[in-house]
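Analysis of the macromolecular model
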Amino acid sequence: MAFPSLRPTWCEIDLGAVAHNLRQLRGLVGPEVAIYVCLKGDANGCGAVAVARRAEAEGVAGFAFGNVDSALACRDAGIASPILLYPSCLPEVASLLEEKRLMPTLSTLADVAAWDQAARGRLSVFLKIDAGGFRAGALPHEGAAVAAAIVQSRHLHLAGVYGHPMTSYGFEDESYTRAQLRGVEQALAEIDRAGIAVPVRMVSSSAIVLAHPEADLNAVDPGRLVLGLPFPAVAERKVEWRPALIGLKSRLVMVKSLAEIGDVEPAPFMTRRAGMRIGLIPFGWSDGYPRKMPASATVLIRGMRVPLIAPSHSELLRVDLTDCAEAKVGDEVVLLGRSGEDGIDLDELAGQWGVSTHDLAPAIGKTLPHRYVG
Ligand SMILES: *Cc1c(COP(=O)(O)O)cnc(C)c1O
């Protein structure tokens, strides 16, 4: 953001947790394996530029993006490390990618022809292998032919080969995961037999890093794990991860006593209690709050748990301050984080909203200003 946000609502991101998680990851994969941090979804709502800066300071090998605009923003913010683009743009932007040193993903012989024609000087590219996710990528038996076409092209340079087994998207099937890993291995073996050099070999997103140490190859590209989101792990890869998203906070912009409003009709959507006081929080479903107010929705104000009042609004929530007599305009409201002796953690907030912890940061990180700590 070019100017400081005036919004009194923000999420807190702990960059110390990002650094901690990267050191844990380094401990698991050892010194030889390159770490490419996946920064999809604006680093899962945590802010790609800030996360990339911290990760670069920790000495990672590079970054991977699913959104070319986000990758360009990082490059222009001074991120100098190699950047891989998952399939996300068309050959017509080839010259800009060359200039900015962004490496697109190619899957087919037609891709190779189109990108080679569009490139001017030398464009580094990655080949993706599709071993059963049926998204981007050459099928394992086609991999060597596409790799050969890349090395024989005029302008393209093969920087690496990667795969992304479909797992951890509510689709966990251990034998299918293994079959996909074998598919990528088979393609790499055929590329090797063809005498083609593959500098970067990578197949491990977070779920694979934690459950398949044998699949580290010479590089890994986890994303959510670096941000401290939980995944199942094999025993030797169970370590302490710290969440990067540690706070979702706002401040009361209005407090009023309903005793003062006279003869207004009782509202059908809420019971008005004698002496009731309500407060307004400038945050709502346009910012990621659930459209249907959760039954257990509570926030912390002055260390006290206070209930929200249904319904939720586009950019406002109402809170029942009747039992929090000292609450006044400007007070901090904690939806996630600590307040006094009490706290609401990611699991509790996800439980209130009826979502997974993996859904929280992308939901709220899109529109809210970020405050970085650590
Ligand atoms: C999204 C993605 C990743 C990272 O996934 P996480 O589950 O966040 O670790 C890695 N590789 C590819 C190809 C991806 O698309």
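Overview of the structure. (Residues numbered from 1 in each chain as written. Predicted model: local features only at pLDDT ≥ 70, side-chain atom pairs only at ≥ 80, totals over all residues. Heavy atoms only, no water.)

1. A short note on the overall build of the chain
Rules: For the purposes of this entry, the term helix denotes a DSSP run of H or I that reaches at least four residues, the term strand denotes a run of E that reaches at least two, and both are numbered from the N terminus. Burial here depends on accessible area, computed with a 1.4 Å probe over protein chains only, as a share of the maximum for the residue type. Under 20% is buried, over 50% is exposed, and the range in between is partly exposed. Residue contacts are defined here by distance: any two heavy atoms, one from each residue, within 4.5 Å place the two residues in contact.
The secondary structure content of the chain amounts to eleven helices and 19 strands. Taken over the C-alpha atoms alone, the chain extends approximately 85 × 45 × 35 Å along its principal axes. Residues classed as buried in the chain amount to 53% of the 374 residues present. Of the contacts made within the chain by residues no fewer than 6 positions apart, 66% connect residues no fewer than 24 positions apart.

2. Digging into the nonpolar core
For clarity, the cut-off: Only buried residues count toward a nonpolar core. Its members are Ala, Val, Leu, Ile, Met, Phe, Trp, Tyr and Cys residues joined through side-chain atoms within 4.5 Å.
Counting residues in hydrophobic clusters, the biggest one holds 103 residues, and the most contacted among them are Phe 63, Leu 127, Phe 283 and Ile 301. Among the elements that make up this core, the one with the highest residue count is helix α1 (residues 15-29) (six residues). Once residues lying within four places of it in the same chain are set aside, the contact partners of Phe 63 are Tyr 36, Val 37, Leu 39, Ala 52, Ala 55, Glu 56, Ile 79, Ser 81, Pro 82, Ile 83 and Leu 84. Of all hydrophobic cores here, the second largest spans twelve residues; its members include Cys 38, Tyr 86, Ala 159 and Val 200.

3. What to know about the pattern of salt bridges
Applicable threshold: Salt bridges are defined as contacts in which a side-chain nitrogen from Lys or Arg sits within 4 Å of a carboxyl oxygen from Asp or Glu.
Taken as a whole, this structure holds twelve salt bridges when the rule is applied. The partner of Arg 178 in a salt bridge is Glu 174, with the nearest N and O atoms 3.1 Å apart. On the criterion of helical spacing, the pair formed by Arg 178 and Glu 174 is a turn pair, its members being four residues apart in helix α8 (residues 174-193). Of the charged contacts, one joins Lys 328 and Asp 331 as a salt bridge, the two residues approaching to 3.9 Å between their closest N and O atoms. Among the residues examined, Asp 331 registers a relative accessible area of 10% and is labelled buried. The network of salt bridges with common partners includes Arg 302, Lys 328 and Asp 331.

4. Remarks on the site of the ligand
Under the convention used in this document: One heavy atom within 4 Å of a molecule or strand is enough for the residue carrying it to be called near that molecule or strand. Polar contacts here mean pairs of N or O atoms no more than 3.5 Å apart (in protein, one a potential hydrogen donor and the other a potential acceptor; neighbouring residues in sequence count only if both atoms are side-chain atoms). Areas reported as accessible are Shrake-Rupley estimates using a 1.4 Å probe. Residue values count occlusion only from the protein chains shown. When residue character is reported, Ala, Val, Leu, Ile, Met, Phe, Trp, Tyr, Cys and Pro are called nonpolar, Asp, Glu, Lys and Arg charged, and the others, Gly included, polar.
Near the ligand the following residues occur: Cys 38, Lys 40, Tyr 86, Tyr 162, His 164, Ser 205, Ser 206, Asp 221, Pro 222, Gly 223 and Arg 224. In the model, a nitrogen atom of the ligand is placed 3.1 Å from a nitrogen or oxygen of the Tyr 86 side chain. Here an oxygen atom of the ligand and a backbone polar atom of Gly 223 are 2.8 Å apart. In isolation the ligand has 390 Å² of accessible area, and contact with the protein removes 94% of it. Among the residues forming the shell around the ligand, the class breakdown is four nonpolar, four polar and three charged.

5. A few points about the packing of α1 against helix α3 (residues 48-57)
Basically, it comes down to this: The axes are straight lines fitted to the C-alpha atoms, using for helices just the contacting stretch, and the angles between their N-to-C directions are given from 0 to 180°. To sort the angles, those under 35 degrees are grouped as roughly parallel, those over 145 as roughly antiparallel, those from 65 to 115 as roughly perpendicular, and the leftovers as oblique. Crossing handedness: left-handed means the near helix sits turned counterclockwise from the far one by under a right angle, and right-handed means the same turn made clockwise.
Put simply, α1 and α3 touch, their axes get as near as 9 Å, and they point 45° apart. As far as their axial angle goes, α3 and α1 are oblique. The element α1 and its partner α3 pack so that their crossing is right-handed. Within the contact between the two elements, α1 uses Leu 15, Gly 16, Val 18, Ala 19 and Leu 22 and α3 uses Ala 50, Val 51, Arg 54 and Ala 55. Partitioning the contact of α1 with α3 into residue classes produces seven nonpolar, one polar and one charged.

6. Side note on the pairing of strand β13 (residues 277-281)
Keep this limit in mind: What makes two strands pair is DSSP finding at least two bridges between them.
With respect to burial, β13 is a largely interior element, five of its five residues being buried. Summarising the sheet, strand β12 (residues 254-257) and β13 pair through four bridges and their orientation is antiparallel. Across the sheet, Val 255 pairs through a bridge with Gly 279, a residue of β13. Of the strand pairs in this sheet, β13 and strand β16 (residues 317-320) are connected by four bridges, and their pairing is antiparallel. Each residue of the ladder has a partner; that of Gly 279, found in β16, is Val 319.

7. A closer look at the environment of Pro 290
With respect to the helices, strands and loops of the structure, Pro 290 is situated in the loop between β13 and β14 (298-301). Relative accessible area serves as the criterion here: at 15%, Pro 290 is assigned to the buried category. Between the C-alpha atom of Pro 290 and that of Cys 11, which follows or precedes it by 279 residues, the distance is 16 Å. Every residue in contact with Pro 290, bar those within four places of it in the chain, is listed here: Trp 285, Ser 312 and Trp 353.

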